[in-house]
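Below are the chains, spelled out letter by letter.
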Amino acid sequence: MTQQFQPFYDVNRTYEENYEEGPFGLFGEALRGESADASGASTSDSAAAGASTAADFAAADGSAAPADAFLGVPVNLAFGIPAGPLLNSRYTTAAFRMGFDLATYKTVRSRAWGCNPFPNVLAVHPKSADGSLTPGSDELDEGVLADTNYEAPISISNSFGVPSQDPDVWQPDMFRAIAAAGPGQVLVPGFQGSRVDGMTEEEYIADHATTARLVKETGAKLMVMNTSCPNEGHNVLLCHNPQLVGRIAEAVKNEIGDTPLMVKLAYIPDDAALELMVRSTVERGTVQGFSTINTISARLVDARGNQALPGKGRDRSGVCGHAIRGAGLDMVRRLAALRERLGLDFAINGVGGVVTPADYQAYRSAGADSVMSATGAMWNANLAREIKAA
């Protein structure tokens, strides 16, 4: 892959090294007070770097009123980076300075949680001519090639296991992240419950509520609850149980009150199940939006057909980037159709395979009120600026 930009998350370093030493590339330059233009050239200009990009959306009369909104909060452009690559306040601050008006703080827990062993990221190469993966296809179980040959359009593995710092670490850091948002920008905290051995379902629900309360204590204006990572066994997702998500959302809402809550979903193929999710949450007034999709689970293999990621239980990994764009757009269209048919008011945040300005526009046309990019933004730090220019 011909790389114009160094990824701000260094895939050749461990998660811990990235947490302590990152971000890298243009994100690192922005954090040090250097402003980088679209060509990648940088100039030392801390004032320009710290002023975000509110001016990009200044009205013709010179005002800088936000032109968009996210869960009711005014923003310059409802585009940003979802939970995953923004590990701490240094990453989110750099994202703001590079023009991403929505910066999601990587999913936090009520307790410290370790990361899967290195490596966590590999390049993924689906067999299809357009590089896409189809939910439910045989290829996902038969094996998808994964290696270190990163090519455009970029698709990667996401095998981290949702690590988290202890609340004593992430709470003060999240407070700093919130304070670093510029005009027309907002920090989006991500959180989830943690299931441990011996925990009852009621305790699992309570852990979500406790974590949401800890997030609210940082001064968060809104938050996103992740229900799309494995919770109760191999390749089993919380979002596949709409009734349980409904009970959890109610408990969370009792803790956070009027603070808007968005739920992060994986791909849900069954229309009835998707409608039940909406009715179990939005219809009950506990959820104000959905973010979708997270990743698509696939068995990853090397060139010889062997397990690509080392370690027990890592034969499969979530895949993100270009490969899941079609599935993400499909979920957004179906949610938008449900919203219209049921006459319900909820926000849709489109995620998955956004690597170009055209991808952003495709999601907005499909019915997304906001759009986020993880993999595309990692490899192209100027993606937000390109979208705004377009």
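Above this text you will find the structure in question.
Analysis parameters
Residues numbered from 1 in each chain as written. Predicted model: local features only at pLDDT ≥ 70, side-chain atom pairs only at ≥ 80, totals over all residues. Heavy atoms only, no water. Helix = DSSP H or I, 4+ residues; strand = E, 2+ residues; numbered from the N terminus. Core = buried A, V, L, I, M, F, W, Y, C linked by side-chain atoms within 4.5 Å. Buried < 20%, exposed > 50% of the residue type's maximum accessible area, 1.4 Å probe, protein only. Contact = heavy atoms within 4.5 Å. Pairing = 2+ DSSP bridges. Right-handed = clockwise from strand over helix to strand, strands pointing away. Phe/Tyr/Trp six-rings, centres within 6.5 Å; stacked < 30°, edge-to-face > 60°. Lys NZ or Arg CZ within 6 Å of the ring centre and 35° of its normal.

A.B. asks: Help me out: how do you make sense of unusual backbone geometry in this one?
C.D. replies: Across residues other than glycine, the phi torsion is negative in most instances, and most of the peptide bonds are trans. Here the amide bond leading from G22 into P23 is cis, since omega sits at 5°, within 30 degrees of zero. Within the secondary structure layout, P23 lies in the loop between α1 (15-21) and α2 (25-31). Omega for the peptide link from A152 to P153 comes to -5°, which places this bond in the cis form. Structurally, P153 is set in the loop between β8 (144-147) and β9 (155-158). Here V162, not a glycine, exhibits a phi torsion of approximately 55°, which is positive. Here V162 lies in the loop between β9 and α6 (167-179).

A.B. asks: Can you help me understand the nonpolar core in this one?
C.D. replies: Nonpolar side chains in soluble globular proteins tend to end up buried together. In this structure, F27, F79, F100 and F290 are the most contacted members of the largest nonpolar core, which totals 108 residues. The element best represented in this core is helix α10 (residues 325-342), accounting for eight residues. Those residues in contact with F27 that sit more than four places away from it in its chain are F8, I81, L86, Y91, A94, A95, M98, F100 and A381. By size, the runner-up hydrophobic cluster in this structure holds 14 residues, among which are F70, V188, V224 and A347.

A.B. asks: Please explain the pairing of strand β10 (residues 186-191) as it appears in this structure.
C.D. replies: Remember that side chains alternate between the two faces of the sheet whenever the strand is regular. Within β10, six of the six residues are buried, which leaves the element mostly enclosed by the surrounding structure. Burial along β10 is two-sided: the face carrying V186, V188 and G190 and the face carrying L187, P189 and F191 are both buried. Bridge count for strand β6 (residues 102-108) against β10 is five bridges, and the pairing is parallel. When the bridges of β10 are listed, L102 appears paired with V186. Crossover connection from β10 via helix α7 (residues 201-216) to parallel strand β11 (residues 223-226): handedness right-handed.

A.B. asks: Please clarify how the packing of aromatic side chains should be interpreted in this entry.
C.D. replies: Aromatic ring pairs are reported here in terms of the distance separating the ring centres and the angle at which the planes meet. Under the counting rule described, the total for this entry stands at ten aromatic pairs. With centroids separated by 6.4 Å and ring planes inclined at 40°, the aromatic side chains of Y15 and Y19 adopt a geometry described as tilted. One end of the pair, Y15, and the other, Y19, are both in helix α1, four residues apart, so they sit about a helical turn from each other. Judged by relative accessible area, which is 6%, Y15 ranks as buried. The exposure class assigned to Y19 is buried, which follows from its relative accessible area of 9%. Three or more aromatic residues joined by ring pairs form one cluster here, namely F8, F27, F79, Y91, F100 and Y360. One Lys or Arg, K106, reaches over the ring of F160 and ends 5.4 Å from the middle of that ring.

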